[in-house]
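Topology and contacts: notes
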Amino acid sequence: AASLGYHPFPAPASNMSRAYTNPYGVSLGECNFCGFCEKFACEWFAKSSPQTTIFPQLLNNPLYELRTGCRVLRINLDSTGTRAVSVTYVDAQGREMEQPAEIILLTAYQLHNVRLLLLSGIGRPYDPVTGEGVVGKNYSYQVGAGASLFFEKGVAFNPFIGAGAASTAIDEYNDDNFDHSGLGFIAGAYISSGRTGGWPINYRPTPPGTPRWGSEWKRAVARYYQRQMGIGASGAVLSYRDNYLDLDPTYRDSLGLPLLRMTFDWHDNELRLTDFVAGKIVEIARAVRPTPDLITVGRRGLHYDIVPYQSTHNIGGAIMGSDPGTSVVNKYLQCWDVPNLFVVGASAMPQNSAYNPTGTVGALAFWA
């Protein structure tokens, strides 16, 4: 990347570079790059998930109780509909229980935050036709592109080693960092390369033309296990009137409650953005000098497809703002309609930038 005039930098990752005792008194270990960081809890207590940094201290607090295997069904309101009084949940034995509360924190991840608000009748559901309503509006995502590079000789990557978010990135094409004149889109994407860990079974790269099964496929998996690297981009997705969340009119869960329905697709802005960024990725990939003709470029189709994994950084649906008529929560993530209810998570974010919302979500939680 530097040879092409870019300014690569190590992307920040919340992994411990050395042993540390945090302000809660929890002893954190040094990351040993075990490769299980991205999708698993940390056995070394070396990454900044609540399981690592906060829960050990909470579990020693007599005022704290963790009830596992429970599933909240709804938030119950008083007769005025303006105060939350309890939650109804099903416990691990399948019994329906009610838990009274003075303050309720809804922290069920972005998607389920929205579903529980809708199931509880809190806030006016969003109507994409009229543009009125607030719960479910501004659902957004991230758009991506990437290249897979294969090498016949001269390299030996160790895909079983990794530290989750650790990577090297460039920011020259992110948001307002470059001139968009004549490109037909706004916002942008960052480009990065990292090794998150080659998970068993899941990680099996093969170059184009390889059979999808059989002995030739097995030989290719063994040959290229240490001879492949990737370069990827994560791009911004704007908020649109026709991208939203609501309760499904047909499909229900095992308890008979409506599932959450997602209505979402790419718009011209995202399609042009990824075409542009994919071209830059190919230029960088060629500069790495992999085996000729063994660069495969992956990019989104004309329409969103939920099947291939792309990102888990969903945002919106219970957005924050200064006007109760256009937002669900205020800047403290406090529900406008039910002031003793706080809705915490990326559901509060009105738009999605190229970068993952994780840092902002943490800051909002701390602010709340």
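So, a few notes on the structure that sits alongside this text.

The rules behind each value
Residues numbered from 1 in each chain as written. Predicted model: local features only at pLDDT ≥ 70, side-chain atom pairs only at ≥ 80, totals over all residues. Heavy atoms only, no water. Patch = residues over 30% accessible without salt bridge, like charges linked within 9 Å, V, L, I, M, F, W, Y side chains within 5 Å. Areas by Shrake-Rupley, 256 points an atom, 1.4 Å probe, with all protein chains shown as cover. Salt bridge = Lys/Arg side-chain N within 4 Å of Asp/Glu carboxyl O. Helix = DSSP H or I, 4+ residues; strand = E, 2+ residues; numbered from the N terminus. Buried < 20%, exposed > 50% of the residue type's maximum accessible area, 1.4 Å probe, protein only. Pairing = 2+ DSSP bridges. Axes fitted to C-alpha atoms, helices over the stretch in contact; angles between N-to-C directions. Phe/Tyr/Trp six-rings, centres within 6.5 Å; stacked < 30°, edge-to-face > 60°. Core = buried A, V, L, I, M, F, W, Y, C linked by side-chain atoms within 4.5 Å. Contact = heavy atoms within 4.5 Å.

With that settled, the discussion passes to a nonpolar patch on the surface. Residues Phe33, Phe160 and Ile161 make up a contiguous nonpolar surface patch of roughly 280 Å² in combined accessible area. Tracing the backbone shows Phe160 in the loop between strand S8 (143-150) and strand S9 (167-170).

Let us now look at the environment of Asp268. Counting through the fold element by element, Asp268 comes out in helix H5 (residues 268-288). What makes Asp268 partly exposed here is its relative accessible area of 49%. When the C-alpha positions of Asp268 and Gly184 are compared, they lie 8.5 Å apart, and in sequence the two are 84 residues distant.

Within a sheet, adjacent strands bond to each other through the backbone by hydrogen bonds, running parallel or antiparallel. The strand order S4-S5-S6 describes an open sheet built from three strands, whose pairing is antiparallel. Two strands close off the open sheet at either side, each with one partner strand: strand S4 (71-77) and strand S6 (96-100). Geometrically, the sheet is characterised by an average inter-axis angle of 25° between neighbouring strands, direction not taken into account. Bridge count for strand S5 (residues 84-90) against S6 is five bridges, and the pairing is antiparallel. The partner of Val90 across the bridge, within S6, is Glu96.

So, about the packing of aromatic side chains. Aromatic ring pairs are reported here in terms of the distance separating the ring centres and the angle at which the planes meet. For the structure on display, the rule yields 21 aromatic pairs. Here the aromatic rings of Phe178 and Phe185 are separated by 6.4 Å at their centres, their planes lie at 50°, and the arrangement is tilted. The exposure class assigned to Phe178 is buried, which follows from its relative accessible area of 15%. Exposure remark for Phe185: the relative accessible area of 4% places this residue in the buried category. Relative to Tyr225, the ring of Tyr203 lies with its centre 5.6 Å away and its plane at 75°, an arrangement referred to as edge-to-face. You can see Tyr203 sitting in the loop between strand S10 (189-194) and helix H4 (215-224) and its partner Tyr225 sitting in the loop between H4 and strand S11 (228-235), a full 22 residues away along the chain. Assessed through its relative accessible area of 27%, Tyr225 is described here as partly exposed.

One finds Leu117, Ile191 and Leu341 to be the most contacted residues of the largest nonpolar core, which totals 56 residues. Looking at this core, the elements that each hand over two or more residues are S5, strand S7 (104-106), helix H3 (109-119), S8, S10, S11, H5 and strand S15 (341-343). It is H5 that provides the largest number of residues to this core, a total of eight residues. Setting aside chain neighbours within four positions, we find Ile191 in contact with Thr168, Ala169, Ile170, Tyr173, Ile231, Gly232, Ala233, Val277, Lys280, Ile281 and Ile284. Of all hydrophobic cores here, the second largest spans seven residues; its members include Val26, Leu28, Cys42 and Ala46.

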